[in-house]
Amino acid sequence: MKQPLSYCVIPAAVKKKLTMAKKNRQTVYLYGPAGFGKTLVVREFLKSQRYLYINSENFEELEKLVHGAKGREQIVVLDGIHQFRNSERRQQALTLMEQSNLWILLLSRAAVPAWMLSSYVSRGMLVIGEEELALKTEEVGALAEKLGVALLQSDCEDIARRSQGNGYAIRYLFQKLLEGSALTGQLYDHVERQYDAYLEHDLTRSLEPDVLEFLLQVSVVDCFDLALAEHITGNARACAVIDRVRESGTLLQQDGDTYSLRPKALSVLRSCARKQLGTETQRELCYNAGLYYETHDQLLPALRMYEACGNQKRIHNLLIRSARQNPTSGCYFKLRKYYLALSPEEVAESPVLMSALSMLYSILLLPEQSEYWYDQLKEFASQGDTPLHREAASRVIYLDIGLPHRDVKALIPKFLELSKLLLSREIVLPEFSLTSYQPSVMNGGKDFCEWSKRDKELALLIGKPVSMLLGKYGKGLVNEALGESYFEKGTDDFAVHAYLSKAFLEAESNGKTELQFAVVGIQARMNLLNGAPGIARERLESIRKKVDEGDSPALLENMDALGCRISLYENDAAAVEKWMKQAPDEIQEFYTANRYLYMTKLRCYLRRGDYSSALSLAEQLLFYAEQYRRPYLIMETSLLKAVLYRLMGHPWEELFLKTLNMAYEFRFVRIISLEGKAVMPLLKDVKARMSDAERPKKEWFRQIYTEAERMEKLYPEYLTASLISKSDFSEHAVQILKLLDDGMTMKQISEALFLSESTVKYHTVESYRKLGAKGKLDALRKARALEII
């Protein structure tokens, strides 16, 4: 029987690189985790040639070679560079690399180490990494054919995907197939277990004891920085250990100051930790991690760690602490698993927890349960006058204002009543934001469209009480609300500028970044209306720099979404697709506080031409908006839904006219006109009907039409479906883009791909044209975002 574990197929790109390197006597550095076939690839490539192979079992040959190899041409393979830990051996390797008569191939589990970087730069070392060594569908098929294993193309694709190109796993699977096993899910599971055992044996054998112990200890968390690693392990020399881990292989991935173990390595190390460390030690490590997270206000990972070590008291106390924070921070929703696991008895003992459950159920679109805990809290507050009962009373008032499902119409008398109580010091109200980190007050934590009908009057009536009630969150609120209301109605742009400028200065002076962002959100829309997306982006970048560690992640998420909306007007496909990769998944979970992100995503779906996903998301948004009486969201979603219906060939006129009538009720203009190119065909089709309307409505429609027409001219590609994909680029074009991204010159690419320089230049120019790129950097950025490279 054939022995698959000794068989090898060299990926075409790797073979080309090795051939070119051999021709030029260029030192080659191959690296990748255990099982990716580095040694097999080199042996297969050199099978018809004489070469000297040196690894940990015959390192003495290295010293002999250093002193005796001068003058004689020779091929030398140094395997296990990650094990070169003493300076003498490292210097010997560097000395060999300087000898022009030797062609050196270096094999390692780690990327090029720091001690070799100087030679890497000066000698132009050719690096082949694990992505290139990974077997693709073609190589899997070639290996199957070589071994006489009959597989369908779809089987080869599945094997390459499941194994992530790991040669050891693929060859072991073929061995089982040759032994008579069927290609089933059970066989895949068996192969995975076998590879896990192989990797565990390799890690425990090859890693130094203190390095292995460190990795077992930090495996209790998904990722860590230096401070967390020191806190978990109690090892003050964690930094040095991390450096040794990185030198010993590719186990660690790094993103800025954060490290994470590769998923497969993490799984194997956790399994190993259960065997070697024991339950009690693992609980102590989890508790250490939980304490660190808690002291750094990382509540969700802290709760996970306390859950893992079974510390219920810490969980309870942490939930109460979290519940004291502003609900718009997103903590209630993110921690809902833990809040909902509390017993009714536990909740009933704490006003803070009763308030939290009431708010959480409202966020979860369960108003009846929300009102139940509101009633329980109100009953508790009425039973005494202790500090605990007074806290309950302040939480009742907080819910009266903040519960998302409550109508805003009842808030006007409530604000007036509460301002008197605050002045008399009868209550202490926790500060909270009305924007919910959205770039809007009108469409923020609650919908205040109804108030826009009496904007000036209400500003005079309740402006001061509202600002006083909200504390720092109220700084600039009234002027922002007036400026936003005027902007939406398309009246007096000078007044809009004045109000927004005042609001920004007020919020900047002892106010909150959230309100400044709401101002910038309206200013950015004004900039877009005036054909200045660049200024809109500058404003956004300016306010983004003001965000500090104390601000909610939701604030940055909404800022990114505003940036994506600007990119939609600029027709920057790469930026849009980049944002879509981080956008929340509405199928996995629909979180009402993400509505601004969802509305951005709806526009991105339209631009992609993904009408099915767009329609599904629109229906989710409309269900929420109608349940919670949010007119602005109803109008915005219905407008885009009408656009979508028209694109899909469905009847759209009735929905569009209904949306127009609703917008006219509030005299809103910009909610429609800013959609420009997307909404213009619909406006043209209903223009004749509007000519019969009464004069105020006719003039209102005329302003919408004129502004939308101007927006169409300014942004002719806005929400126009972009169909560009990887299939639009030839194989050579993709290869050239990848090599350009690796930093190679046109000449180097022509040599690597055996193409003329003129052909390389032709493909490059064509790729730039298809991507709509201004130059190399722009092209590579867009190609990465669109997953072309």
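See the structure printed just above.
To keep things clear, this report deals only with the structure shown in the data block. Worth saying up front: this structure is predicted, and the values here are computed from it rather than measured.

Definitions and cut-offs
Residues numbered from 1 in each chain as written. Predicted model: local features only at pLDDT ≥ 70, side-chain atom pairs only at ≥ 80, totals over all residues. Heavy atoms only, no water. Helix = DSSP H or I, 4+ residues; strand = E, 2+ residues; numbered from the N terminus. Buried < 20%, exposed > 50% of the residue type's maximum accessible area, 1.4 Å probe, protein only. Contact = heavy atoms within 4.5 Å. Areas by Shrake-Rupley, 256 points an atom, 1.4 Å probe, with all protein chains shown as cover. Lys, Arg positive; Asp, Glu negative; His and termini not counted. Charge placed at Lys NZ, Arg CZ, Asp CG, Glu CD. 1 Å grid on protein atoms, 1.4 Å probe; cavity = no way out; pocket = protein on both sides within 12 Å on 5 of 7 lines; lining within 4 Å. Points joined across faces, edges and corners; volume = space filled by probe spheres on them. Nonpolar A, V, L, I, M, F, W, Y, C, P; charged D, E, K, R; others polar. Phe/Tyr/Trp six-rings, centres within 6.5 Å; stacked < 30°, edge-to-face > 60°. Pairing = 2+ DSSP bridges. Axes fitted to C-alpha atoms, helices over the stretch in contact; angles between N-to-C directions. Core = buried A, V, L, I, M, F, W, Y, C linked by side-chain atoms within 4.5 Å. Salt bridge = Lys/Arg side-chain N within 4 Å of Asp/Glu carboxyl O. Expected span 1.5 Å × (residues − 1). Arc of directions from axis to C-beta. Patch = residues over 30% accessible without salt bridge, like charges linked within 9 Å, V, L, I, M, F, W, Y side chains within 5 Å. Left-handed = near helix turned anticlockwise from the far one by under 90°. Right-handed = clockwise from strand over helix to strand, strands pointing away.

**Some thoughts on the overall build of the protein**
Regarding its fold elements, the protein presents 43 helices and 8 strands. Across its three principal directions, the C-alpha atoms of the protein cover 95 × 65 × 55 Å. By residue count, 54% of the 789 residues in the protein fall in the buried class. Counting contacts in the protein only where the partners sit at least 6 residues apart, residues at least 24 apart contribute 69% of the total. Surface summary for the protein: the accessible area is close to 36300 Å², and the carbon and sulfur share equals 50%. If the 104 positive side-chain charges of the protein are averaged to one point and the 103 negative ones to another, these points end up 3 Å apart.

**What to know about empty space enclosed by the protein**
In the structure shown here, the tally under the stated rule is 5 cavities of 30 Å³ or more. Put simply, the largest cavity is a space of about 350 Å³. What lines the largest cavity is a set of 23 residues, and nearest its centre among them are R525, R565, Y596, Y632 and E636. Within the residue set of the lining of the largest cavity, elements represented by two or more residues are helix 27 (477-489), helix 29 (513-529), helix 31 (553-570), helix 33 (595-608), helix 35 (631-648) and helix 37 (670-673). For the lining of the largest cavity, the residue count by class is 11 nonpolar, 4 polar and 8 charged.

**Some details on the layout of surface pockets**
Within this model, the largest pocket holds a volume of roughly 1900 Å³. A per-class count over the lining of the largest pocket returns 22 nonpolar, 8 polar and 16 charged.

**With respect to the packing of aromatic side chains**
The full count for this structure, using the stated rule, is 24 aromatic pairs. Relative to W103, the ring of F45 lies with its centre 6.4 Å away and its plane at 70 degrees, an arrangement referred to as edge-to-face. With a gap of 58 residues between them, F45 in helix 2 (residues 38-45) and W103 in strand 4 (residues 102-108) connect regions that are remote in the sequence. Side by side, F45 and W103 carry an identical accessibility label, which is buried.

**Looking at the sheet that holds strand 3 (residues 74-79)**
Read from one edge to the other, the open sheet built from 5 strands follows the order 2-3-4-1-5, with strand pairing classed as parallel. Every other strand in the sheet has two partners, leaving strand 2 (52-54) and strand 5 (126-128) as the edge strands with one partner each. Neighbour-to-neighbour, the strand axes of the sheet open up by a mean angle of 15 degrees, direction not taken into account. Where strand 1 (residues 28-31) meets strand 4, 4 bridges bridge the pair, whose relative direction is parallel. Of the residues in strand 4, the one forming a bridge with V28 is L105.

**What to know about the sheet that holds strand 6 (residues 223-224)**
Strand pairing within a sheet occurs via backbone hydrogen bonds; the two strands may be parallel or antiparallel. As summarised here, the arrangement of the 3 strands in space is 6-8-7, forming an open sheet in which the pairing is antiparallel. This sheet does not close on itself; its edge strands, each paired only once, are strand 6 and strand 7 (252-255). Direction of pairing for strand 6 relative to strand 8 (residues 258-261): antiparallel, over a ladder of 2 bridges. Considered in strand 8, the bridge of F224 is made with Y259.

**Brief notes about the nonpolar core**
The biggest cluster of nonpolar side chains holds 191 residues, and the ones touching the most others in it are F224, Y339, F656, I672 and L683. Those residues in contact with F224 that sit more than four places away from it in its chain are F214, V218, A229, I242, L252, D257, T258 and Y259. If you look at the next biggest cluster of nonpolar residues, it comprises 22 residues, including Y31, M97, M116 and M125.

**Here's the deal with the pattern of salt bridges**
According to the stated counting rule, one finds 46 salt bridges in the structure shown. Residues R321 and D297 are paired through a salt bridge, measuring 2.0 Å at the closest nitrogen-oxygen approach. Note that R321 is positioned in helix 17 (residues 312-323) and D297 in the loop between helix 15 (279-295) and helix 16 (299-309), a separation of 24 residues in sequence. With a relative accessible area of 29%, R321 lands in the partly exposed category. A cluster of three or more residues bridged by salt bridges with shared partners is formed by R85, E208, D210 and R244.

**Comments concerning helix 1 (residues 12-24)**
Relative to the 18 Å expected for 13 residues at 1.5 Å per residue, helix 1 spans 19 Å between its end C-alpha atoms, a close match to the ideal helical length. For helix 1, the full list of buried residues reads V14, K17, L18, M20 and A21. For helix 1, the buried positions fall inside an angular range of 165 degrees around the axis, keeping them on one side. Residues of helix 1 that are exposed and angled more than 90 degrees away from the buried face: A12 and K23. Buried-residue contacts for helix 1 involve strand 1, helix 2, strand 4, strand 5, helix 6 (130-133) and helix 41 (746-753). After helix 1 finishes, the residue R25 shows a positive phi value of roughly 55 degrees.

**Focus on the pairing of strand 7**
Strand residues, when the strand is regular, have side chains that alternate between the two faces of the sheet. Pairing of strand 7 with strand 8 involves 4 bridges; the strand directions are antiparallel. Looking across to strand 8, one finds that Q254 is bridged to Y259. Counted between consecutive antiparallel strands, the loop separating strand 7 from strand 8 contains 2 residues, among which G256 sits at a positive phi close to 70 degrees.

**Re a nonpolar patch on the surface**
On the surface, L117, Y120 and V121 cluster together to form a nonpolar patch covering roughly 270 Å² of accessible area. Looking at the element boundaries, L117 is found in helix 5 (residues 117-123). Here L117 falls in the partly exposed class, since its relative accessible area comes to 38%.

**Details of the environment of V66**
One can find V66 in helix 3 (residues 60-68). Under the relative-accessibility criterion, V66 is labelled buried at 12%. Separated by 29 residues in sequence, V66 and T95 place their C-alpha atoms 7.0 Å apart. The residues contacting V66, other than those within four sequence positions of it, are Q92, T95, L96 and Q99.

**Some points on the packing of helix 38 (residues 676-690) against helix 39 (residues 695-714)**
Where helix 38 contacts helix 39, the axes come no closer than 9 Å and their chain directions differ by 150 degrees. Crossing handedness for the pair helix 38 and helix 39: left-handed. Contact residues: helix 38 offers G676, K677, V679, M680, L683, K684, V686, K687 and M690, while helix 39 offers K697, K698, F701, I704, Y705, A708, E709, M711 and E712. Classifying every residue of the contact of helix 38 with helix 39 by side-chain character gives 10 nonpolar, 1 polar and 7 charged.

**Quick word on the pairing of strand 4**
Counting buried positions over the 7 residues of strand 4 gives 7, a clear majority of the element. Along strand 4, one buried face is formed by L102, I104, L106 and S108 and the opposite face, lined by W103, L105 and L107, is buried too. Across 6 bridges, strand 3 lies against strand 4 in parallel orientation. Bridge pairing links D79 to L107 in strand 4. The β-α-β motif built from strand 3, the intervening helix 4 (residues 87-97) and the parallel element strand 4 has right-handed crossover chirality.

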